[in-house]
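# Chain and residue survey
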Amino acid sequence: MQDIAQQLLAWHTSGRSFAVATVVGVTGSAPRDPGAALAVDADGEAIGSVSGGCVEGAVYELCRAAIESGEPVLERFGYSDEDAFAVGLTCGGILDVFVQPVRPGADPALDAGIALIADGTPVALARVVAGPAGLLGATVAVTADTHHGLLSPAPSVAAPLERSVVAEARAMLDAGRTGRLVLGLDGRPCDEHGQGTVTLFVESYVPAPRMLVFGAIDFAAAVVRIGKFLGYDVTVCDARPVFATERRFPEADRVVVDWPHRYLDTQLDRLDGRTVLCVLTHDAKFDLPLLERALRLPVGYVGAMGSRRTHREREAGLRAAGLTDAEIGRLRSPIGLDLGARTPEETAVSVAAEIVAHRRGGSCLPLSAGTGPIHHDLAKDLATAEESRGTPARRDRKPHAA
């Protein structure tokens, strides 16, 4: 919903009713991830997407009906070959879509959540998508230090459940995660939803992930452009003021003149598991102090440009600086996938492809070379890999998001 937040705020500010359809569950191969949203206003204008076209028409009609009735609904869309014109996903997956009507002023928590999202304030929006009828659609908007909304007017139900929802949603917000949360009416976590449970969909809205590009070279300009295309907040940093200029990098969010390692030291409180670092200087006096720090930080991706000879020398320098094999093993170098790239633009595609594959758990093989699902579930892939090695899958293990 973050992608369409500005338009939702415009509708909301003008007092216009609308309905938001959100993907709250995905099984098998499906075109969009949980959190994808389509919204329809009272005049019939539609924005966003939940499936890339497969079920948009049916979801549009559900939104129109929700605006009329004022009632939320959870609908499941799957594949059916009984009728060539049946509504379903041609990819064979299953989507659970929750449709919620919004009437400005009717739900203070939803009003506050939409305003916070549009304002750029980190917030987790927890909505009841399955459970007792009286709770369906109930919303709590949770920030780092406060929350808005009540799950139920009955204190005996609201107090324990709401405390758990706020605590769990705040933890998900801190990690930048979106997903389902199943709790008992007493607030205790449950493995399965069923009688006496409440299923919530928690959407974490956090600032755009950061991409730090070190080295103000021609390749960097192309990486900046593709980084912005992928939705990153992009910074270019170089110690040489003649190269690090806004004129050379007009699409960057900021251009910093500073030694790379020194600038990185000032950003520690703004780095997380989604952060991407692209080191393009291939100059040891810049690279080594920077990588010595970067490879010890909990960031999502660290890649460095250079030849294989440069990489071997870089590894030796990092090992001499005291880094472990595990820390050095986090370095993607030479940076990018082997696409045969030559130009800066082709190289940027190579770098972006590796970042996406690392983030989503892709194999980097042509899709035509495989027979399994084309959409990866990284958590399941990790569990399967651990089981194949005879290691019990850790339930608390979560992949880094670049």
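Here the structure is a predicted model, which means the values were calculated and not measured. (Residues numbered from 1 in each chain as written. Predicted model: local features only at pLDDT ≥ 70, side-chain atom pairs only at ≥ 80, totals over all residues. Heavy atoms only, no water.)

Another point: the pairing of strand 5 (residues 94–102). Taken across its nine residues, strand 5 has eight buried, putting it largely inside the fold. Bridging between strand 1 (residues 18–27) and strand 5 involves nine bridges; their strand directions are antiparallel. The residue bridging Val-26 from the neighbouring strand is Leu-95, located in strand 5. Inspection of the sheet shows strand 4 (residues 73–77) paired to strand 5 by five bridges, in the antiparallel sense. If you follow Leu-74 over to strand 5, its bridge partner there is Phe-98. (Buried < 20%, exposed > 50% of the residue type's maximum accessible area, 1.4 Å probe, protein only. Helix = DSSP H or I, 4+ residues; strand = E, 2+ residues; numbered from the N terminus. Pairing = 2+ DSSP bridges.)

Another aspect to go through is the environment of Gly-303. Relative to the helices and strands, Gly-303 resides in strand 15 (residues 301–304). Between the C-alpha atom of Gly-303 and that of Val-351, which follows or precedes it by 48 residues, the distance is 8.4 Å. Setting aside chain neighbours within four positions, we find Gly-303 in contact with Leu-277, Cys-278, Val-279, Leu-331, Arg-332 and Ile-335. (Contact = heavy atoms within 4.5 Å.)

Right, let's talk about the environment of Ala-66 for a bit. Within the secondary structure, Ala-66 is located in helix 2 (residues 56–69). With relative accessibility at 2%, the residue Ala-66 sits in the buried group. Measuring from C-alpha to C-alpha, the distance between Ala-66 and Val-20 comes to 9.2 Å, with 46 residues separating the pair along the chain.

As summarised here, the arrangement of the six strands in space is 13-12-11-14-15-16, forming an open sheet in which the pairing is parallel. Edge strands, defined here as strands with exactly one partner in the open sheet, are strand 13 (254–257) and strand 16 (331–332). Relative to strand 14 (residues 276–279), strand 11 (residues 210–214) is paired through four bridges, and the arrangement is parallel. Pairing of Phe-214 across the sheet is with Val-279, part of strand 14.

Let us look at a nonpolar patch on the surface. Together, Phe-229, Leu-230 and Val-356 make up an exposed nonpolar region whose accessible area comes to about 300 Å². Here Phe-229 lies in helix 5 (residues 218–229). Judged by relative accessible area, Phe-229 falls into the exposed class, the value being 72%. (Patch = residues over 30% accessible without salt bridge, like charges linked within 9 Å, V, L, I, M, F, W, Y side chains within 5 Å. Areas by Shrake-Rupley, 256 points an atom, 1.4 Å probe, with all protein chains shown as cover. Salt bridge = Lys/Arg side-chain N within 4 Å of Asp/Glu carboxyl O.)

Counting 25 residues, the largest nonpolar core has Met-211, Val-213, Phe-249, Cys-278, Leu-280 and Ile-355 as its most contacted members. At the level of secondary structure, the elements contributing two or more residues to this core comprise strand 11, helix 5, strand 12 (233–238), strand 14 and helix 10 (344–360). Discounting residues that sit within four places of it in the chain, Met-211 has contacts with Val-223, Gly-227, Tyr-232, Asp-233, Val-234, Thr-235, Val-276 and Ile-355. Counting residues in hydrophobic clusters, the runner-up holds 21 residues, among them Phe-214, Tyr-263, Val-299 and Leu-323. (Core = buried A, V, L, I, M, F, W, Y, C linked by side-chain atoms within 4.5 Å.)

With that settled, the discussion passes to the sheet that holds strand 3 (residues 46–48). Strand order in this open sheet of five strands is 3-2-1-5-4, and the pairing throughout is antiparallel. Looking along the sheet, the strands with just one partner apiece sit at the ends: strand 3 and strand 4. Pairs of neighbouring strands in the sheet enclose a mean axial angle of 20°, with direction left out of account. In this sheet, strand 2 (residues 37–41) lies alongside strand 1 in antiparallel orientation, the contact comprising five bridges. Within strand 2, the position partnered with Ala-19 by the bridge is Val-40. (Axes fitted to C-alpha atoms, helices over the stretch in contact; angles between N-to-C directions.)

Moving on to unusual backbone geometry. Omega for the peptide link from Ser-333 to Pro-334 comes to -5°, which places this bond in the cis form. Position of Pro-334 relative to the elements: it lies in the loop between strand 16 and helix 10. The phi dihedral of His-282 is positive, around 35°, even though this residue is not glycine. You can see His-282 is positioned in the loop between strand 14 and helix 7 (284–294). One non-glycine residue, Cys-364, adopts positive backbone phi at about 75°. Note that Cys-364 resides in the loop between helix 10 and helix 11 (378–388).

What follows is about the confidence of the model for the protein. With 84% of its residues at a pLDDT of 70 or more, the protein has an overall mean of 84. Under a pLDDT of 50 for its full length, residues 81–86 has, in the predicted model, zero contacts with residues more than four places off or in other chains. Scored below 50 in pLDDT, residues 382–402 makes 26 contacts in the model with residues more than four places away or belonging to other chains. (pLDDT = per-residue confidence, 0-100.)

A few words on the pattern of salt bridges. Enumeration over the complete set of coordinates arrives at 19 salt bridges. A salt bridge links Arg-127 to Glu-203, with the nearest nitrogen and oxygen atoms 2.8 Å apart. Here the residue Arg-127 occupies a position in strand 6 (residues 123–130), and Glu-203 occupies one in strand 10 (residues 197–205), the gap between them amounting to 76 residues. The pair formed by Arg-127 and Glu-203 is uniform in burial state, with each residue classed as buried. For Glu-354, the salt bridge goes to Arg-332, with nearest N and O atoms at 3.8 Å. With Glu-354 in helix 10 and Arg-332 in strand 16, this pair connects stretches of sequence that are 22 residues apart. Several salt bridges converge on common partners, so that one network encompasses Arg-76, Asp-96 and Arg-180.

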